[in-house]
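Summary of the model geometry
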Amino acid sequence: MLRGKHIILGVTGGIAAYKTPWLVRDLIREGADVQVVMTRSATQFVTPLTLSTVSKREVLMDLFPPSTEEPTGRWTEHIDLALWAELLLVAPASANTVAKIAHGLADNFLTTLILAARCPLVVSPAMDVDMYRNEVTQANLVALKEAGCHIIEPESGELASGLKGPGRLPELARLIEFLEKILTGSTRDLAGKKILVTAGPTFEPIDPVRFVGNRSSGRMGFALANAASQRGAEVTLVSGPVSLATPRQTTRIDVRTAAEMMAAVDRLFPEQDALIMSAAVADYAPATIAEQKIKRDRSGSSGLSISLKSNPDILKALGSKKTNQVLVGFALETENGLENARKKLSEKNLDAIVLNDPGVEGAGFETATNVVTIIGRSGSPRTLPKMSKFDVANEILNEIAPILKSVR
Ligand SMILES: Cc1cc2nc3c(=O)[nH]c(=O)nc-3n(C[C@H](O)[C@H](O)[C@H](O)COP(=O)(O)O)c2cc1C
């Protein structure tokens, strides 16, 4: 199933590196063309000679050739290879390399190549149980997921140290199965579909330094963009002001105000197959924006009143314009949730609405998890347990995937 596929295997300094000659052999048996890239530490566990022999290609490791070496003409090999690759697998991925990727470091051939690669990146962390459970490692793995990398969870069992727990490199067959799924498209059910996702808050200026905003972190929308892109969709993400990394293989457009978001979405909407409006667009904006910073009232306690005007309702506007696009809205409700969400669904001509209540533990803004109810066209609600925003994103996509298949 991997016939002719260009795969880069990045091997780092973990004990499980000793299994990689078998991994290379199995990938080649499946028909893949494999280029191995090692870190210096990896050579302590398996030799470049072994991996060169089984892959029938010279293993690459050094960004800078030794000064004594004849010029090879291969100065930008890390970029050339990044473009050649159809999939990049790091296995085993050491805690150190996971941290470097999560922070965008490019201090050796492998990490530089990873930063330049456009293809899917699959990371298979393998390490001691405490290194794996360490909060920093876990945060790095979450950051990688949020940036659109595929993480193969390690298996649990007896580790090289004698300790037991998660940290083992999975069986090679499982690793290969995972790659096949990505490359052969069985998880790419949204391939060929264009999906527009909005995320984050909008900031409505009061004066040059102040704004009216909300606490949306943008994580739900970024998770949606990430999940849709991993499932093969061509994703455009229109984001309000957030501090999140752009998921791999998505186009991001930054906006600040509801009016800017409206303009961007309106322009892009006609060519989309679906629009998922997860942004928390401000309902109101200051009626006038002071040209200069509003000064503190020196005379006493009269306070300051700001008059607000209604912002455009982006979803409603597009709901009335839609031809055959799939439209998904979000409803953040603190009371009469189901009733209000169903009303929005029909009033705004939506195909599905995602309801959440910020009062529920683990739901709403600023959390890594969410607790939602998805209501489809039929109106029957599907309440999901607390799960990561990435998993919620996939559930939302599962809801619209069958409708999308019948569109266009
Ligand atoms: C015997 C031994 C085994 C190790 N096994 C692992 C491992 O399984 N996973 C890991 O993350 N680090 C492991 N390390 C530590 C890494 O080799 C070390 O963090 C190194 O800096 C990783 O470099 P790299 O990410 O550039 O390959 C091991 C170290 C030693 C001495």
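Residues numbered from 1 in each chain as written. Predicted model: local features only at pLDDT ≥ 70, side-chain atom pairs only at ≥ 80, totals over all residues. Heavy atoms only, no water.

**Let's talk about the site of the ligand**
Put simply, the rule is: Being near a molecule or strand, for a residue, means having at least one of its heavy atoms within 4 Å of it. Identification of polar contacts relies on pairs of N or O atoms within 3.5 Å, with a donor-acceptor requirement for protein atoms, meaning one able to donate a hydrogen and the other able to accept it, and with residues adjacent in sequence counted only if both atoms are side-chain atoms. Exposure was quantified through the Shrake-Rupley algorithm and a 1.4 Å probe, taking into account, for residues, occlusion by the shown protein chains and nothing else. Starting at the N terminus, helices and strands are each numbered in turn, a helix being any DSSP run of H or I of at least four residues and a strand any DSSP run of E of at least two. Gly falls in the polar group here, along with every residue not listed as nonpolar (Ala, Val, Leu, Ile, Met, Phe, Trp, Tyr, Cys, Pro) or charged (Asp, Glu, Lys, Arg).
Taken together, 14 residues lie near the ligand, and Gly13, Thr39, Ser94, Ala95 and Thr97 sit nearest. The contact in question runs from an oxygen atom of the ligand to an N or O atom on the backbone of glycine 13, over 2.6 Å. Look at the ligand: alone it shows 650 Å² of surface, and the protein chains cover 63% of it. Counting residues per element, the shell around the ligand draws most heavily on helix H4 (residues 95-102), which supplies three residues. Its residues assigned to classes, the shell around the ligand shows six nonpolar, eight polar and no charged.

**A short note on the layout of surface pockets**
We count it as follows: Within this scheme a cavity is a closed region of a 1 Å grid, computed over the protein atoms alone, that accommodates a 1.4 Å probe without allowing it to escape, whereas a pocket is open but has protein on both sides within 12 Å along at least five of seven lines; lining residues each have an atom within 4 Å of a point. Grid points are joined across faces, edges and corners, and a volume is the space filled by probe spheres set on the points. Where each domain begins and ends follows an automated or database-derived domain assignment.
Its boundaries defined by the atoms lining it, the largest pocket holds a volume of some 930 Å³. Taken together, 38 residues make up the lining of the largest pocket; nearest its centre are Ala279, Ala280, Val281, Asp283 and Lys344. The element best represented in the lining of the largest pocket is helix H12 (residues 337-347), accounting for four residues. Its volume calculated, the second largest pocket comes out at about 630 Å³. Along its surface, the second largest pocket is lined by 29 residues, and Val142, Ala143, Lys145, Glu146 and Ala147 are the ones closest to its centre. Those elements giving two or more residues to the lining of the second largest pocket turn out to be H4, helix H5 (109-116), helix H7 (135-146), helix H9 (219-230) and helix H13 (389-406). Of the residues forming the lining of the second largest pocket, the biggest block, five residues, is contributed by H7. Its residues assigned to classes, the lining of the second largest pocket comprises 17 nonpolar, six polar and six charged. No fewer than three residues from each of domain 1 (6-184) and domain 2 (194-406) sit in the lining of the second largest pocket.

**Observations regarding the pattern of salt bridges**
Counted only if it meets this: We define a salt bridge as a side-chain nitrogen of Lys or Arg found within 4 Å of a carboxyl oxygen belonging to Asp or Glu.
Under the criterion given, the structure shown has 18 salt bridges. The closest approach of N and O atoms between aspartate 26 and arginine 25, which form a salt bridge, is 3.3 Å.

**Considerations on unusual backbone geometry**
Peptide bonds are, in most cases, trans, and in most cases residues other than glycine have a negative phi. Note the cis peptide between alanine 91 and proline 92, where omega equals -5°. By the element assignment, proline 92 lies in strand E3 (residues 87-93). Unlike most non-glycine residues, glutamine 249 shows phi in positive territory, near 55°. For glutamine 249, the location among the structural elements is in the loop between strand E11 (234-239) and strand E12 (250-254). Positive phi outside glycine occurs at asparagine 349, with the angle close to 60°. As for its placement among the helices and strands, asparagine 349 is situated in the loop between H12 and strand E17 (352-356).

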